[in-house]
Each structure stands twice: as structure tokens, then as C-alpha cells.
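Residue-level structure breakdown
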Amino acid sequence: MHITKKGLHLSFFLTLVLGLTFALTSCNSSSIETTIATPTAESSSDAKEESQPINKTTSEGGVFKLISSDPPTLDPHLASDATSATMIVEIFGGLVTINPDLEVVGDIAKNWEISLDRLTYTFFLREHAVFHNGKPVTAHDFKWSLERACDTLTESLVAEQYLGDIVGVKAKLRGKARDIKGVRVIDDHTLQITIDQPKTYFLAKLTYPTAFVVDKNNVEEGKRWTRNPNGTGPFKLKEYTPGELMVLGSNPEYHLGAPHISEVRYLLSGGTSMLMYENDELDIAGVGLADMDRLLDPSNPLNKELHKAPPSFSTTYIGLNNNDPPFDDPKVRQALNFAINRQEIASLVLADLVHPAKGILPPGFPAYNSSLPGYEYNPEKARQLLKESTYGDDTNKYPPIMLTKAGGFGAAVSLDLEVILESWRQELGLEISIQQTEFASYLQDLHKRRFQMFDIGWIADYPDPENFLDLLFHSTSDNNHTNYNNPIVDDLLVQARTETETEKRYQLYQEAERLILYDSPWIPLWHSGEQYILLKPWVKNYNMSQLIVPKLRFIYFD
Amino acid sequence: MAGYILRRLAWTPILLLTVTLITFLLGSYGPGDPVELLQGQYSNPEVVQRIREQRGLDRNIFVQYVHYVQSAVTGDLGESFKYRDRTVKELISKRIWVSAQLGMAASLISILIGIPLGVYVALKQGTWVDITIVSITLFFMSLPVFITAPFLLIFFGLWLGILPIQGWGGFFDTRIIMPALVLGIPGIAMLTRLTRASTLDVLSQDYVRTARAKGLGEFVVRSRHILRNALIPIFTVIGLSLATLVEGSFITEGYFGIPGIGSLAIEAFFSRDYPIITALVLIIASAFVIANLIVDIGYHFLDPRIRY
């Protein structure tokens with residue numbers, strides 16, 4: 001999965017890749033902490049919205065045009081891809097949402113209280129929140145929705161990932177219970193949710209569509225109910241011709257503040273986004289590497305419309321199968337790490353569009369450790385390590401090594417990878433061959449751990465170190481594709497799961513990350529850098545973040 | 001003749017059954033799984049297994065096949081894996097019609113320019129006109145879509161600003177012009193060369209000399225005696241290429257943002273959306289059967305000596 005291409009679906013050639021990628025919701029850690037510390041975060045967030053520089057006299061109305069691929073579904077409970085989620089967060093809503101400052105704030109929940117043991121969340125719903133058809137939203141609607149998301153017949157692929165912390169969800173998903181034990185309606189406007197262990201990231205998970213509220217009557221209209229969805233979001237679905245066009249109209253009654261623009265038009269049939277942008281057929285477009293030089297030239301009029309979007313939380317790496325020779329010897333793995341010059345490759349080959357990775361967690365991510373030394377380029381040391389390894393420094397006697405990469409279809413591999421392979425050849429004398437496979441086969445082989453060495457990336461599903469470290473490195477995790485197994489790391493990760501004190505918890509994760517880096521099951525390469533976006537000068541207040549958060553209601557035209 | 005057509009039609013179901021069975025087996029034994037792909041890079045094998053069971057993917061492949069055939073006969077082609085609230089029929093029908101219209105427009109361009117041009121250069125065989133025109137058409141045939149599409153887009157869309165860059169409005173909308181040109185231009189060269197060769201072959205036949213000898217006008221000789229006979233191989237090529245209209249064109253559709261079948265097909269292959277793949281195979285196979293039959297019947301009218 002080419003994680004660096006995630007986010008906005010702006011170019012036709014990316015849609016295939018993007019269609020397969022996993023959606024994410026993220027926000028920064030400190031903000032979650034604040035929210036939890038002050039359950040009445042809602043009032044402060046409202047104040048922030050009002051303080052935004054919006055000139056009411058010139059800003060109402062207008063049509064915002066963008067390009068997207070066709071969303072596989074508009075059913076919040078089924079969505080597991082970025083395209084669908086991007087649209088769903090504008091049409092539907094849940095208890096909580098993420099504001100433009102990336103803080104978890106109330107959506108339909110006005111505020112909430114967290115019990116002292118951090119297991120029970122009591123949500124107080126806004127009394128005036130309504131579905132698009134005017135029907136009030138109650139706690140019963142939430143209970144029904146959460147149970148529908150976890151019903152086996154709904155066939156959600158992500159319910160367990162996003163809601164699995166709630167007591168009783170696993171039983172419901174396996175068809176062993178009718179209700180979710182941990183979801184209780186106190187009264188029409190009070191909902192109580194109990195989770196299995198204290199988890200600071202639980203609220204952030206509830207901002208993902210799987211936890212959104214749907215209208216029971218609407219869903220029971222039949223399988224095609226999403227053609228006429230009765231959501232609670234800032235926009236209503238006005239027109240939808242699958243594969244061609246989706247039009248969203250503003251919802252003037254929206255409880256967090258009505259959108260400023262009157263309509264959003266998603267062009268779904270593809271096209272050449274750059275040319276469409278230049279021809280004013282789009283208000284926003286992504287920028288490919290091919291157009292970069294031209295746009296970065298200050299004499300190009302489009303240069304003024306070029307904006308930098310903040311990076312997404314991701315890490316690109318090469319995974320090494322710890323059970324496969326020669327990677328069963330940590331010294332060989334370390335040697336490979338020491339033999340590449342990340343800084344130089346990032347600057348010379350990748351035009352500084354990425355940040356060289358020193359560790360596993362991306363910068364800005366909760367528990368990110370800025371003092372990690374990382375693997376500095378040190379060919380001497382690399383050769384020394386190879387010599388000390390059980391395989392020795394005579395690389396002719398090494399077992400054949402193959403690196404597998406998704407996509408490519410026989411075309412040249414990316415230049416950075418070429419340079420890395422060449423460094424290993426020159427510095428260590430290691431010949432590594434490349435295999436390119438199509439994504440479906442790649443995914444299957446990855447999950448079956450058939451690769452000796454593989455090129456891939458990971459992007460956070462929610463902003464918690466657990467989503468990187470526990471998921472990818474615990475010896476019993478289904479997603480530990482490198483077969484990495486260190487009992488001390490396992491212990492630290494298990495401790496971190498239930499540690500309630502954030503600082504201590506992050507220390508545990510940092511210690512685990514340090515040990516993992518030393519053992520080198522990965523060759524961490526890059527964290528994604530800032531991405532360029534073209535935005536028409538008349539579009540104001542567009543939230544550049546790559547995260548899937550409701551952002552269209554804030555836009556206005558000038 | 002009627003007997004021949006009936007015999008041919010009787011074979012069709014058997015052919016379609018074989019084709020779908022092969023598609024089914026390839027899907028089942030090939031790598032990749034639609035449910036796993038839907039879940040993405042994050043994997044939870046238990047969830048994947050549960051949904052595979054729910055969708056009947058864990059059953060014996062032949063049982064699945066029989067079920068498929070039973071519902072396909074009633075017109076139910078199943079539901080997409082990826083587009084979770086849509087039936088295959090719904091996903092495909094509109095897009096096939098779009099691709100077919102675009103394909104027809106492209107074919108018209110190829111035929112209306114290619115055939116007359118072919119006859120013309122055949123009559124001028126060996127002169128500089130012949131060489132120049134054949135070279136020009138060859139040049140255009142050699143241009144890949146990656147060049148023609150962006151060129152047309154920049155030229156007509158951005159510089160002249162007379163054609164919209166993206167979208168689809170049907171056969172009589174200006175937005176069909178550029179994609180139809182991109183798809184039709186390579187066909188011009190092919191048809192010109194084919195018509196030229198075929199006409200040259202006919203020109204040296206005895207019956208052409210006879211026609212002239214008995215004093216027929218040049219126009220009658222050319223249209224009734226030369227072109228009609230020269231058309232037989234051309235007719236075969238055009239007839240069969242009509243079957244490919246329903247296949248769509250992934251790249252061209254992508255450049256111009258046309259909601260055709262090509263992009264859906266590629267997407268279905270990559271996401272292992274078996275119900276869509278099988279339905280497309282069925283439709284394309286049927287289209288070939290029908291086109292073949294039409295071509296065979298057409299021969300009889302072009303050349304009454306051909307009998308079945």
C-alpha cells in the first residue's frame with residue numbers, strides 16, 4: 001500500500017491505489033487529553049468556530065467543485081475506505097467529531113463525563129439535534145445504530161476495529177448476543193457506553209463513521225436506503241448518479257452551524273484533474289510529481305494557488321522476515337539499516353518531499369520520540385556487523401534475497417528503492433532481487449507472511465501508538481508481518497495497554513520502540529512530508545489537513 | 001440458412017457456461033480475495049472468514065457455480081463486493097451503454113474516413129499521394145493514447161477553450177468529440193491500409209476488367225464491382241471490432257472522465273470483485289458470439305456465392 005498517496009482523491013491514476021487503502025481518522029494527542037480533562041469541550045469549540053475570520057457579508061452560497069472516485073458505499077457502518085468516509089463525514093454524524101484544530105469535540109453529544117476508572121462514558125445529547133427530515137436524534141437511535149453496525153448481517157469489516165473496545169461488541173459480532181451489553185440508554189438524551197479497559201484513544205475511534213448514527217426507519221427502507229440517506233451531518237445528499245456525479249446541498253439546520261457554501265459537487269467519473277483545475281472545472285486539485293517543477297516556479301501564475309498540506313501520520317519501511325535466512329540474524333538486519341544514507345536519498349532523489357525516518361512513530365504522533373538517534377549512515381559499521389553475523393561477510397554464500405513490492409506491473413521500481421538496493425550492493429556486496437506483484441496477491445502473501453523482504457508503509461487509523469507498535473510488533477498480532485518476537489517488547493506493549501497514566505504509557509511505548517529499533521525487524525525509511533494542493537484563490541477557510549474530518553461546512557467563497 | 005443460425009445459437013449457452021466456469025475457477029484458485037481486499041492492509045482473519053461464510057465464498061466452488069448459473073438465468077447477476085449497496089446489473093448496464101456509444105462514435109470516425117481513403121489510395125497506388133497518406137495514417141496509428149489524449153485536451157480544452165475537459169453528456173454532446181477522436185484515429189490507419197490492400201487485390205481480378213470491357217461507367221465499376229468485393233475482409237474486421245465496443249477503454253475513459261465500463265472492469269479485476277468480473281465476461285463473450293453470427297450472415301449478402 002502506497003500510503004503516501006492517501007488522503008484526497010485527486011488524480012485518476014491514484015484512484016485504484018486509493019480505493020484499496022484504509023481510511024483513517026486522526027487527531028493530535030494533546031487535544032484528546034484536553035478534551036477528556038474538560039468534558040465540556042463543546043462550549044470552547046463553539047467559541048473557536050465563531051472566532052474564525054469569516055466575513056459574513058460576502059461569504060454565503062456558492063458551489064464547491066472537486067474530483068473523487070465513486071464511493072463504494074455511503075453506509076457509515078460499512079465504510080472501510082477513505083473515499084466513502086470522506087463523503088460520509090459530511091452527510092452523517094456521531095456522538096463526537098474532530099474540529100479543524102484536530103480536537104475531539106462534541107457532535108450530537110453536547111458533552112460527556114468519564115467515570116473515575118475511565119471505563120464508563122456518559123454522553124449527554126443535544127436536545128435540538130435532528131435528522132435531515134426533522135426527526136429528533138435520541139439515545140435510542142444511537143443504541144440501535146451501534147447494534148446495527150455490529151450485527152453479523154450488516155457485514156461490517158471494521159466494526160471490531162473501531163467499536164471492539166465496547167463491552168459486549170465482540171459477542172454481538174459473533175452472533176452470540178442480541179444487544180451490546182456495554183451500551184445503555186439512560187433516557188432519551190443520555191447514553192452510557194462502557195469499555196473493557198481504560199483507553200485514551202476510545203473517543204477518537206468514535207469519530208470514525210462506524211460509530212455514526214443512522215435513522216432506523218431510513219435503513220429499513222431496504223438495501224438501497226443510502227440513495228436517500230437521512231443523516232445528521234452538515235450536508236444532505238441532493239443528487240447521486242453513481243460513477244458520474246454526487247451533489248451535496250447544505251443543511252441549514254445543522255446543529256454545529258450551517259455550511260457557508262450552498263452546494264458541493266463531486267465529479268466521480270475521473271478525468272485529468274490538473275487540466276480540469278486549469279480550466280476552472282475544479283476548485284481544488286492534487287499535484288503530481290510531474291507538474292511539481294512547473295508549479296514551484298514563482299513566475300507561473302498557478303504558483304500563487306499552490307498550498308502545502310500538513311503530512312499524514314505514516315511510515316514507509318522495508319519489512320524483514322525474522323524467520324527467514326539471512327534475516328534471522330539481527331546483525332544482518334542492523335547492517336542493512338546502517339548501510340543506507342536516508343538523508344541524502346530524501347534530498348537528492350525524493351526532492352525532500354519525505355522526512356527520513358529515525359524511528360517507527362511519525363513526527364507529531366503521540367509518544368513520538370524526537371531524541372531517537374536512528375540508524376545513521378555508517379558503512380564501516382555495517383560491514384563490521386555483517387562480519388560478526390553468523391552468515392559472515394562473504395556475501396556470495398548468502399541465501400538468495402528477494403524484495404517484494406506491490407504494484408509496478410513490471411515497470412521500473414521507484415528511484416529511492418533503486419538507490420537503496422544499489423547501496424547494499426556497493427557497501428555490503430549484497431545482491432537483492434526485486435519482485436513486483438499485483439496488490440491483491442501482495443496483500444494475501446503479506447498476511448500469510450510469505451515474504452522474505454517487503455516494501456510497504458503504515459498509516460495511523462487513529463492517533464495512538466498502540467496502532468503502530470502493538471498492532472505491528474506484538475508477537476501474537478495478526479498484523480505482525482515480520483514474525484518479530486521479543487518477549488520483553490511483548491511485556492511492555494501489554495503493560496501499555498492498561499496503563500492509565502498517559503505519560504507513563506508513552507514511556508512504555510518509547511521503550512518498546514527503542515528495543516524494536518535495536519532488533520531491526522524493519523528498515524524504517526520515510527515519514528510522509530507536506531503535500532502540495534492547488535486551491536482556487538476564491539476558496540477561503542479550507543482545512544488542508546489530510547485527515548478525514550468534516551471540513552466543507554467551514555469553506556466560504558470570496 | 002435458418003437451420004444454420006439455429007445450430008449456431010444452440011451452441012451459445014454451452015459456450016457461455018464454459019466461459020463462466022473458467023472465470024469461476026480462475027477466481028477461486030488464483031491469488032487474492034475480495035473480502036480481504038475490502039478490509040485492506042489491516043487484517044483480522046476472523047472477520048474476513050465470517051464475511052466469506054456469509055457471502056457463501058467458503059462453499060465448494062462448483063456449488064457456488066451452480067447457484068450463480070441458476071440466478072444468472074433469471075437475470076440476477078449478483079451483488080458487487082466492493083460497491084456494497086449495488087447490484088451488478090445496476091453497476092454495469094448504464095456504463096456499458098456509455099462505452100458502446102463512445103465506441104460507436106469512434107468506429108464511425110474510423111469507417112467514414114478510413115474506407116474511402118483506402119479506396120482512394122488504392123486507385124493512386126504507387127504515386128506520392130499513396131505514400132504520403134499511408135505514412136500519415138501510420139504516424140497517427142503509432143501515437144499512443146498517452147500522447148493524443150493530453151495533446152487534444154491541452155489544445156482544444158485549454159488553448160482554444162472550445163471543448164470541455166471532462167465529462168459525458170451522451171452521443172450528441174460535444175464532450176464525446178475528443179475521446180472519440182482518440183479512439184477512432186488509430187482505426188483510420190488500420191482501415192485505410194486494410195481497404196487499400198483489399199481493393200488492390202480486387203482491382204486485378206478478371207471481373208473488374210470484364211466490367212470495364214463491357215463499357216460500365218467508372219463509378220459503377222468502382223462502387224458495385226470493386227468496393228463491394230473489397231468489403232468482405234473489411235466487413236469481418238469491423239464486425240468483430242463491434243463486439244469490443246462493450247469492453248470500453250480504461251485509459252481513454254480515465255483521461256476524459258467518462259463513466260464507461262473500462263474503468264469499472266479494471267477496478268473489478270484489481271479488487272477481485274468476482275460478480276462483476278463474471279458478468280463482464282458473460283457480456284463480452286455474448287457480444288462476440290452475436291458479432292460473429294452477424295458477420296457470417298452478412299457474408300451471404302455481400303457475396304451470394306457464400307452459403308451455409
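As a further point, take the overall build of chain A. The helix and strand inventory of chain A stands at 20 helices and 21 strands. By the burial criterion, 62% of the 558 residues in chain A qualify as buried. Expressed as a percentage of contacts within chain A between residues at least 6 apart in sequence, the contacts between residues at least 24 apart total 71%. Accessible surface for chain A amounts to roughly 20,800 Å². Of this, 50% is attributable to carbon and sulfur atoms.

So, about the interface of chain B and chain A. Interface size, as often reported, equals the accessible area lost upon joining of the parts. Each partner contributes residues to the interface: chain B has 50 residues there, and chain A has 57 residues. Between chain B and chain A lies a buried interface of about 4,900 Å² when both sides are counted; carbon and sulfur atoms form 55% of it. Three residues, Gln41, Tyr42 and Arg84 of chain B, lead the burial of chain B against chain A; their summed loss comes to 18% of the area buried on that side. Arg224 of chain A is the partner of Glu90 of chain B in a salt bridge, and the nearest nitrogen-oxygen pair spans 2.6 Å. A per-element tally of the side of chain B that touches chain A places helix α3 (residues 45-54) of chain B first, with six residues. Here the residues of the side of chain B that touches chain A sort into 22 nonpolar, twelve polar and 16 charged.

Bringing the side chain of Asp470 of chain A into the picture now. Mapped onto the elements, Asp470 of chain A comes out in helix α18 (residues 469-473). In this structure, Asp470 of chain A is in contact with Pro465, Ser477, Leu493 and Arg497 of chain A, ignoring residues within four places of it in sequence.

Residue and element names in this part refer to chain A. Along the chain, Lys199 turns up in the loop between β7 (190-194) and α9 (202-205). When its relative accessible area of 9% is taken as the criterion, Lys199 is described as buried. On a C-alpha basis, the gap between Lys199 and Thr498 in space is 7.3 Å, while along the polypeptide they are 299 residues apart. Apart from the residues within four sequence positions on either side, Lys199 is in contact with Tyr121 and Asp165.

All names here are of chain A. Taken together, four strands build an open sheet; the order of strands is β1-β10-β9-β8 and the sheet is mixed. Each of the sheet's edge strands pairs with one partner strand only, and the pair in question is β1 (63-67) and β8 (235-241). On average, adjacent strands in this sheet sit at an angle of 20 degrees to one another, irrespective of strand direction. Both β1 and strand β10 (residues 263-267) contribute to a ladder of five bridges, which runs parallel. Bridge pairing in β10 links Phe64 to Val264.

Moving on: the sheet that holds strand β12 (residues 306-309) of chain A. Residues and elements named next belong to chain A. Here three strands make up an open sheet; going across it, the order is β11-β19-β12 and the pairing antiparallel. The open sheet has two free edges, formed respectively by β11 (284-286) and β12, since each of these has just one partner strand. When strand polarity is set aside, the average angle formed by the axes of neighbouring strands in this sheet is 35 degrees. Relative to strand β19 (residues 531-535), β12 runs antiparallel, the two sharing four bridges.

On the surface, Ile154, Trp159, Leu160 and Ile162 of chain B cluster together into a nonpolar patch covering about 440 Å² of accessible area. Along the chain, Ile154 of chain B falls in helix α7 (residues 145-159).

Turning to the packing of aromatic side chains, a few remarks are in order. Pairs of aromatic rings are described using the distance from one ring centre to the other and the angle between the two planes. All names here are of chain A. Under the definition given, this model contains 25 aromatic pairs over all chains. Pairing Tyr317 with Phe454 gives two aromatic rings, centres 6.3 Å apart and planes at 75 degrees, and the pair type is edge-to-face. Here the residue Tyr317 occupies a position in strand β13 (residues 314-320), and Phe454 occupies one in strand β17 (residues 453-459), the gap between them amounting to 137 residues. Take Tyr317 and Phe454: they sit in the same class, and that class is buried. Measuring from centroid to centroid gives 5.6 Å for Tyr391 and Tyr398, while their planes differ by 40 degrees, and the two rings are tilted. Judged by its relative accessible area of 25%, Tyr391 falls in the partly exposed class. Joined through ring pairs, the aromatic side chains of Tyr317, Tyr442, Phe451, Phe454, Phe473, Tyr484 and Trp522 make up one cluster. When the ring centre of Tyr277 is taken as origin, the NZ or CZ atom of Lys536, which lies over that ring, is 3.9 Å away.

The next point concerns the side chain of Asp490 of chain A. Here Asp490 of chain A lies in helix α19 (residues 487-498). Lacking a salt bridge, the buried Asp490 of chain A has Arg497 of chain A as its closest oppositely charged neighbour, with an N-O distance of 7.1 Å.

Here we take up the nonpolar core. Residues and elements named next belong to chain A. Ranked by size, the top nonpolar core spans 40 residues in total, and within it Phe64, Met246 and Tyr266 carry the most contacts. Of all the secondary structure elements, the ones that give two or more residues to this core are β1, α5 (82-91), β8, β9 (245-250), β10 and β19. Contact partners of Tyr266, with chain neighbours within four places excluded, come to Leu66, Ser68, Thr86, Met87, Glu90, Glu244, Leu245, Met246, Leu248 and Leu552. Counting 38 residues, the second-largest nonpolar core is a separate cluster that includes Tyr317, Leu443, Ala460 and Leu515.

The rules we used
Residues numbered from 1 in each chain as written. Chains lettered and ligands numbered in written order. Predicted model: local features only at pLDDT ≥ 70, side-chain atom pairs only at ≥ 80, totals over all residues. Heavy atoms only, no water. Helix = DSSP H or I, 4+ residues; strand = E, 2+ residues; numbered from the N terminus. Buried < 20%, exposed > 50% of the residue type's maximum accessible area, 1.4 Å probe, protein only. Contact = heavy atoms within 4.5 Å. Areas by Shrake-Rupley, 256 points an atom, 1.4 Å probe, with all protein chains shown as cover. Buried area = accessible area lost by both parts, 1.4 Å probe. Salt bridge = Lys/Arg side-chain N within 4 Å of Asp/Glu carboxyl O. Nonpolar A, V, L, I, M, F, W, Y, C, P; charged D, E, K, R; others polar. Pairing = 2+ DSSP bridges. Axes fitted to C-alpha atoms, helices over the stretch in contact; angles between N-to-C directions. Patch = residues over 30% accessible without salt bridge, like charges linked within 9 Å, V, L, I, M, F, W, Y side chains within 5 Å. Phe/Tyr/Trp six-rings, centres within 6.5 Å; stacked < 30°, edge-to-face > 60°. Lys NZ or Arg CZ within 6 Å of the ring centre and 35° of its normal. Lys, Arg positive; Asp, Glu negative; His and termini not counted. Core = buried A, V, L, I, M, F, W, Y, C linked by side-chain atoms within 4.5 Å.

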